[in-house]
Every structure is written in C-alpha cells, then in structure tokens.
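Understanding the architecture of this molecule
Below, each chain spelled out in residue letters.
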Amino acid sequence: MRFLIFSFLLTSAAAQNNGKVLKGEECEPHSQPWQVALFDRGRFNCGASLVSPYWVLTAAHCQTRNLRVRLGEHNLRKSDGREQLRTVSRVVSHPGYVARTHLHDLMLLRLTRPARLSRQVRPVSLPMRCPQPGESCVVSGWGLVSNYESGSTGSSQSQVDLPDTLHCANISIISTASCNKDYPGHLMSTMVCAGVEGGGTDSCEGDSGGPLVCGGILQGIVSWGDVPCDTTTKPGVYTKVCSYLEWIRNTMKRN
C-alpha cells in the first residue's frame, strides 16, 4: 500500500462511481484568519495554523532549516496590504515523531515577533473534546486542486493545478472503524480521518500542516493519505489535535 505525506489541497476530485465532480472552492478571502503559509527559501512549503499570537502549529514533516511565516495571506502572488511576515525563533517538533509511520506528526513554531491580531489574522481555538464521526469540518490550503473534465472521447481527464489562492473544502469526520478498513494496520489512536462519503474531496499535496477546523475549533493537522490523492476514494488522515493538548500547552508555556 502506497501513501503520500502531504508535503505540498486537493480540494476536488471525481467520485468514481458516478463521475460527479466534488469541488473544493476558493475560500472567501480571510474567512480562515488562522491559516498560515510556511515558506522555505522563498518557496511555498506547507500550511499551518496560528494558535496564539506567538505560536504556529503545523506538521512535523514540514520542518526545514529556513522556515518563514506569512499570516493574513489569501493570494500568494498578490499583496493586499493585510499580510504579515514573521521569522521563526524556535522550532519544536514532537519528540516522538516517527516519519515512517506518521506518528506524532506535529510541530510548534515560535514567532520572533507576535502576530498583530486583526480581522484577517486571528488564532484558532484548541479543542476541549475530540471530534465525533459525522461532524462537519473545513480543510483549507494552497495545495493541489484537481478538476475532472470529460474529453472528446468521453473519458475523464484530471487537470491538476497548484492555485495561488487559498481553497476550502467541506468534509466530515470519518469513523475510526470505517477508516481502519481503508488503512488496515496504519491508523493510530492519535490520528483522525476526514473526507466525504465515497471519496472525492480531501486535502492533497501542498496542504500538509494545514488546519482541519470543525465548528471553529482546530481538530486536525493535515498529515498523510493515499496516492494519487486526486483520484483516491480514501479519506485523508490528520494528526488528532485533542490528543496533544498537554504537550502543546506545556511547550508554549516553557518556551
């Protein structure tokens, strides 16, 4: 079984059983004010979430030596004057992170200067409880977007692009029992699955580290899933934030 670590949102794909296009759309600008864009040497690297004025939460597999943080972004190629650029003073990956199994795939970044809070830049709330199957959520990011179009021969073709603008997709929490059928032996208690019934809308390359927000609460961090993510019917797998509240709070307090 092959898996993809989502280091580069597939927010759309075609459901294989009926050809229906399930499409993630461009987010309403600044509707996800906690969304962070991480750059490495000037190149977009991963998504992340602002969880306090000084701290950003992302996936451990997004770590590089030259991370830079952009807050208040919507179009990565155009400035509207609301963006805030920050450097990182401290990188704290979860000490138990295992790349091979995706275990404990989370990392905290301390900003050199705090974020200036506004309508466009605001921390997301951490959970008081774990997510429940069927719960409605939004995943957002600048990752790959795929649109299926019928060719002249009647066959479907996938057009995959890396968008400039932030995209959002409405998905739901998938039960552990159901997700275990898709990823037997690979799912752990600190992971949560989300997608749509029958597949078709999910995160993809470029969304790594980005937020899965349910009812305004950060419940997941984009981590890994099946490949190719533009055609798979399997859900995406996210680091379950509720499993790490003590580590997150202690890390922010100590640093």
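Look above for the structure.
The model shown is predicted, which means the values in this text are computed figures rather than measured ones.

Definitions and cut-offs
Residues numbered from 1 in each chain as written. Predicted model: local features only at pLDDT ≥ 70, side-chain atom pairs only at ≥ 80, totals over all residues. Heavy atoms only, no water. Pairing = 2+ DSSP bridges. Helix = DSSP H or I, 4+ residues; strand = E, 2+ residues; numbered from the N terminus. Axes fitted to C-alpha atoms, helices over the stretch in contact; angles between N-to-C directions. Contact = heavy atoms within 4.5 Å. Buried < 20%, exposed > 50% of the residue type's maximum accessible area, 1.4 Å probe, protein only. Phe/Tyr/Trp six-rings, centres within 6.5 Å; stacked < 30°, edge-to-face > 60°. Lys NZ or Arg CZ within 6 Å of the ring centre and 35° of its normal. Salt bridge = Lys/Arg side-chain N within 4 Å of Asp/Glu carboxyl O. Disulfide = S-S within 2.5 Å.

1. Considerations on the pairing of strand β9 (residues 84-93)
Relative to β9, strand β8 (residues 67-71) is paired through 4 bridges, and the arrangement is antiparallel. Opposite Leu71, over in β9, you have Gln84 as the bridge partner. Here β9 pairs with strand β10 (residues 107-111) via 5 bridges, running antiparallel. Bridged to Val91 within β10 is Leu109.

2. Let's talk about the sheet that holds strand β5 (residues 35-40)
Across a sheet, paired strands are connected by hydrogen bonds in the backbone, their directions being either parallel or antiparallel. What the 6 strands build is a closed barrel, ordered β5-β6-β7-β10-β9-β8; its pairing is antiparallel. Direction aside, the axes of adjacent strands within the sheet are offset by 40° on average. Looking at chain direction, β5 and β8 are connected through 5 bridges and run antiparallel. Across the sheet, Val36 pairs through a bridge with Leu71, a residue of β8. Lying over the sheet, helix α2 (residues 245-254) contacts β6 (43-52), β7 (55-58), β9 and β10, oriented at roughly 25° with respect to β10.

3. Considering α2
Looking at α2, one finds that the buried residues are Leu245, Trp247, Ile248, Thr251 and Met252. Check the buried side of α2 and you find it contacts β6, β7, β9 and β10.

4. Thoughts on the packing of aromatic side chains
In this structure the tally under the stated criterion is 3 aromatic pairs. Here the aromatic rings of Phe39 and Phe44 are separated by 5.8 Å at their centres, their planes lie at 75°, and the arrangement is edge-to-face. Consider the rings of Phe44 and Trp142, whose centres lie 5.9 Å apart with planes at 70°: the pair is edge-to-face. Of this pair, Phe44 sits in strand β6 while Trp142 is found in the loop between β11 (136-141) and β12 (145-150), placing the two residues 98 residues apart along the sequence. Against the face of Tyr54 rests Arg110, its NZ or CZ located 4.3 Å from the ring centre.

5. Some remarks on the pattern of salt bridges
Enumeration over the complete set of coordinates arrives at 4 salt bridges. Salt-bridge contacts for Asp164 lead to Arg77; the nearest nitrogen and oxygen are separated by 2.9 Å. Of the two residues, Asp164 is situated in the loop between β13 (156-161) and β14 (167-174) and Arg77 in the loop between β8 and β9; the sequence distance between them amounts to 87 residues. The class of Arg77 is exposed, set by a relative accessible area of 70%. Of the charged contacts in the structure, one is a salt bridge between Asp80 and Arg82, with a shortest N-O distance of 3.6 Å.

6. Points about the pairing of β11
Two elements, β11 and β14, share 6 bridges in a ladder whose sense is antiparallel. Bridge pairing links Cys137 to Ile171 in β14. As defined by bridge partners, β11 adjoins strand β16 (residues 211-214) across 2 bridges and the pair is classed as antiparallel. Of the residues in β16, the one forming a bridge with Val139 is Leu212.

7. Thoughts on the environment of Leu50
Relative to the helices and strands, Leu50 is located in strand β6. On the accessibility criterion, Leu50 (0% relative accessible area) is buried. With 71 residues separating them along the chain, Leu50 and Val121 place their C-alpha atoms 8.3 Å apart.

8. Notes on the state of the cysteines
Scanning the entire structure with this criterion turns up 5 disulfides. Note on cysteine connectivity: Cys130 is disulfide-linked to Cys242, with sulfurs 2.1 Å apart. Its S-S torsion of about 105° marks the bond between Cys130 and Cys242 as right-handed, since a negative value means left-handed. In this pair, Cys130 is assigned in the loop between β10 and β11 and Cys242 in the loop between β18 (236-240) and α2, connecting sequence segments 112 residues apart. By relative accessible area, which is 33% here, Cys130 ends up partly exposed.

Shape is all these values report; function is a separate question.
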